[in-house]
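Examination of the molecular architecture
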Amino acid sequence: MNEKSSLIPPLVSRVQKAIFLIWVLSLVLVLYGSLSPDMHLDIRMQDSDKVLHSLAYTWMALGGRMSFVPASRSAGLTICLICLGCAVEIAQGFVPGRFFSLADMGANALGVGLGLFFAHLIARWGPRFLASIIK
């Protein structure tokens, strides 16, 4: 075994820890942003909040897979993130200035699916270093 390949496992572990910390921070920010009263983003694109929902949950699924969820547990991650997205939407119905939206729930679920799809692509065809993080 050469010296370069012996460094990959410790490096993967450090990268996974960093991704996990970013993932936890992202989770906190998504929850804060989703449950803060009357938080309006001035974006000029129609239905742009659906894009933001999808992107946030794409990252939540991809980041989860890259940091701490093995492929064999992807179904559990999927269920947890979809339930989280539904619970946040239901809770928004009780937050002043916010409202419940089935379309947002759908965008969240779509994002989870996209994140897991991207994780699968990276694990299968991505660069060796990234694939070693996700497997």
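Structure's up top.
Since this is a predicted model, take the numbers as computed values, not measurements.

**Digging into the packing of aromatic side chains**
As enumerated under the stated definition, the model contains four aromatic pairs in all. Taken together, a centroid distance of 6.1 Å and an interplanar angle of 50° make the contact between Phe117 and Phe118 tilted. Within the aromatic cluster, the residues linked to one another by ring pairs are Phe20, Trp23 and Phe68.

**Comments concerning a nonpolar patch on the surface**
On the surface, a nonpolar cluster with roughly 440 Å² of combined accessible area is contributed by Phe20, Leu21, Val24, Val28 and Phe68. Examined against the element boundaries, Leu21 turns out to sit in helix α2 (residues 8-35). In this structure Leu21 comes out as exposed when scored by relative accessible area, which is 60%.

**With respect to the state of the cysteines**
Under the counting rule described, the total for this entry stands at zero disulfides. Cys86 supplies the cysteine sulfur nearest to Cys83, a cysteine that is in no disulfide, at a spacing of 6.4 Å. For Cys83, a relative accessible area of 47% translates into the label partly exposed.

Cut-offs used in this document
Residues numbered from 1 in each chain as written. Predicted model: local features only at pLDDT ≥ 70, side-chain atom pairs only at ≥ 80, totals over all residues. Heavy atoms only, no water. Phe/Tyr/Trp six-rings, centres within 6.5 Å; stacked < 30°, edge-to-face > 60°. Patch = residues over 30% accessible without salt bridge, like charges linked within 9 Å, V, L, I, M, F, W, Y side chains within 5 Å. Areas by Shrake-Rupley, 256 points an atom, 1.4 Å probe, with all protein chains shown as cover. Salt bridge = Lys/Arg side-chain N within 4 Å of Asp/Glu carboxyl O. Helix = DSSP H or I, 4+ residues; strand = E, 2+ residues; numbered from the N terminus. Buried < 20%, exposed > 50% of the residue type's maximum accessible area, 1.4 Å probe, protein only. Disulfide = S-S within 2.5 Å.

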